[in-house]
Amino acid sequence: KKKKKPPGRSGSRLSMADDTTFRIKVLVMFLLCAQNSSYALLRRYSQSFMEEKPSPSAMLMVGEMIKLAFSLLVIVTDRTRTGAPEAHSLVTVLRHLGNESLPLLVPALIYLAMNLLSFVALERIDAGLFTVCAQAKVLTTAVCSVLFLGKVLNQAQWRALLLLVFGAILISDQTKPVGTLNTADSFRFFVGLAAVITEISLSGFVSVYFEKVLKGSKLSVWDRNIQLAVWSIIVYFPITVHSSSGNGAAVSTWSYLTWVVAFLGAMGGILVAVTLKYMDAIVKCFATAGAIVVTTLLGHMYMDATLNLAVSIGACLVILSMFNYNEASQHPAPSPSQDLPITSSAKLDGVGSGKD
């Protein structure tokens with residue numbers, strides 16, 4: 001008689017692999033949620049409550065240096081992470097990346113503008129409002145994808161996007177200062193709100209542009225991280241030097257909190273890269289939605305941010321719209337040609353610095 005194979009051994013190995021993958025996704029989702037919420041809250045606390053005025057360009061440049069070092073470390077330790085030819089030589093890889101890096105100058109300039117606008121916004125509006133309004137970048141990315149990439153969205157996706165905008169508008173109306181429009185507080189609020197709207201508009205365009213750059217090249221996301229980080233440092237450096245005579249511009253005057261904010265900004269881009277490696281859009285949606293809830297609750301508890309029934313409903317609408325959009329994405333509208341997927345993040349695979 002033939003001996004029977006022990007049952008469940010291969011199934012057990014598959015179960016362990018699935019369990020490990022699940023744990024990685026949960027860990028990355030938790031880290032993304034923590035980074036998004038803590039970055040917005042600490043920036044708000046540093047600027048509005050501690051009245052620290054560090055140079056935004058210096059903070060961004062330090063963040064880019066951190067991301068550059070991390071991306072280089074990834075390629076050095078594993079040459080399969082680069083799409084450059086003759087990857088056995090780091091010098092050859094860097095030379096090739098330098099020759100192919102010019103297209104990344106455009107997003108470097110746009111990301112600079114976006115981050116400066118985010119600093120302006122967080123000095124004037126609530127961190128919860130900033131986080132929720134920032135989710136409207138999904139809408140601007142969708143519009144830019146339709147206009148520039150010929151992307152076709154189904155009706156369920158458009159309904160989800162409009163629901164998101166409605167939720168953000170509801171929260172905006174409830175968190176604006178009480179009083180007439182000609183007061184100083186109201187003016188500061190609308191300046192901050194205008195900064196957020198401009199930032200998410202730029203986010204939509206740069207997402208589409210960067211998507212085309214990624215899809216049209218064999219270079220890896222880590223290669224593009226290095227290219228974008230180098231261009232960003234070049235862009236930030238003269239601005240940092242020019243403002244070095246001002247208060248808070250020198251790195252030596254930074255408080256520990258400023259260093260934490262700079263580090264969190266760098267971690268944002270790195271975590272996006274890890275997300276693209278181990279997770280999908282639905283899991284990332286969980287993390288972003290969790291950040292909205294955490295930011296709003298902690299802002300109310302420690303920074304006197306508004307949290308009433310209307311704000312709660314608005315936050316729920318934003319979260320619901322994000323889940324609906326991802327669910328509708330599983331059934332895309334028919335298109336004569338294969339469409340590129342919409343990337344709602346302003347930064348991809350380690351390129352970001354909390355610039356969303």
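Residues numbered from 1 in each chain as written. Predicted model: local features only at pLDDT ≥ 70, side-chain atom pairs only at ≥ 80, totals over all residues. Heavy atoms only, no water.

**Regarding the side chain of Ser 37**
Within the secondary structure, Ser 37 is located in helix α1 (residues 9-49). Those residues in contact with Ser 37, other than ones at most four positions away along the chain, are Ala 291, Val 294 and Thr 295. (Helix = DSSP H or I, 4+ residues; strand = E, 2+ residues; numbered from the N terminus. Contact = heavy atoms within 4.5 Å.)

**Digging into the packing of aromatic side chains**
Evaluation of the coordinates by the stated rule reveals four aromatic pairs. Judged by centre distance (5.3 Å) and plane angle (80°), the rings of Phe 189 and Phe 190 are edge-to-face. The class for Phe 190 is partly exposed, based on a relative accessible area of 38%. Arranged with centres 6.4 Å apart and planes meeting at 25°, the rings of Phe 205 and Tyr 209 form a pair that is stacked. Pair noted here: Phe 205 and Tyr 209 are both in helix α8 (residues 184-215), with a separation of four residues, about one helical turn. (Phe/Tyr/Trp six-rings, centres within 6.5 Å; stacked < 30°, edge-to-face > 60°. Buried < 20%, exposed > 50% of the residue type's maximum accessible area, 1.4 Å probe, protein only.)

**Here we look at the side chain of Thr 240**
Here Thr 240 shows up in helix α9 (residues 221-242). Among all residues touching Thr 240, those that are not within four sequence positions of it are Ser 57, Ala 58 and Met 61.

**Here's the deal with α9**
Across its 22 residues, α9 extends 32 Å between first and last C-alpha, which sits within 8% of the 32 Å expected from 1.5 Å per residue. The sharpest bend along α9 comes to roughly 25°, located at Tyr 236, with the proline Pro 238 sitting one to four residues further on. (Expected span 1.5 Å × (residues − 1). Bend = angle between axes of the 7 residues up to and from the residue.)

**Quick word on helix α3 (residues 90-99)**
Among all positions in α3, only Thr 92, Val 93 and Leu 97 are buried. The arc that holds the buried residues of α3, viewed along the axis, is 135°, so those residues lie on one side. Those residues of α3 that are exposed and angled more than 90 degrees off the buried face are Val 91 and Asn 99. Looking at the packing, one finds that the buried side of α3 touches α9. (Arc of directions from axis to C-beta.)

**Focus on the confidence of the model for the protein**
Summary statistics for the protein give a mean pLDDT of 75 and a share of 73% for residues scoring 70 or more. Mean pLDDT across the elements of the protein bottoms out in helix α11 (residues 281-303) (68) and peaks in α3 (88). Confidence over residues 336-354 falls short of pLDDT 50; this stretch has 90 contacts with residues more than four positions distant or in other chains. (pLDDT = per-residue confidence, 0-100.)

**A few points about the nonpolar core**
Core analysis: the biggest nonpolar cluster contains 26 residues, and Met 59, Tyr 236 and Trp 254 have the highest contact counts within it. Listing elements by their share of this core, those giving two or more residues are α2 (56-77), α3, α4 (105-122), α9 and α10 (256-278). A per-element tally of this core places α2 first, with eight residues. What Met 59 contacts, discounting residues up to four positions off in sequence, is Pro 54, Phe 119, Trp 254, Thr 258, Val 261 and Ala 262. In this structure, Leu 122, Ala 127, Ala 136 and Val 318 belong to the second largest nonpolar core, which totals 24 residues. (Core = buried A, V, L, I, M, F, W, Y, C linked by side-chain atoms within 4.5 Å.)

**Describing the pattern of salt bridges**
In a structure, side chains of opposite charge can pair up when their charged atoms sit close to one another. Overall, the coordinates contain three salt bridges when judged by the stated rule. As a salt-bridge pair, Asp 78 and Arg 81 come within 3.4 Å of each other at their nearest N and O atoms. The class of Asp 78 is partly exposed, set by a relative accessible area of 26%. Between Glu 123 and Arg 124 there is a salt bridge, and its shortest N-O distance comes to 3.3 Å. (Salt bridge = Lys/Arg side-chain N within 4 Å of Asp/Glu carboxyl O.)

**What about the packing of α2 against α9?**
With their axes 8 Å apart at the nearest point, α2 and α9 run at an angle of 155° to one another. When the interaxial angle is binned, α2 and α9 end up roughly antiparallel. The handedness of the crossing between α2 and α9 comes out as left-handed. Classifying every residue of the contact of α2 with α9 gives 18 nonpolar, five polar and two charged. (Axes fitted to C-alpha atoms, helices over the stretch in contact; angles between N-to-C directions. Parallel < 35°, antiparallel > 145°, perpendicular 65-115°, else oblique. Left-handed = near helix turned anticlockwise from the far one by under 90°. Nonpolar A, V, L, I, M, F, W, Y, C, P; charged D, E, K, R; others polar.)

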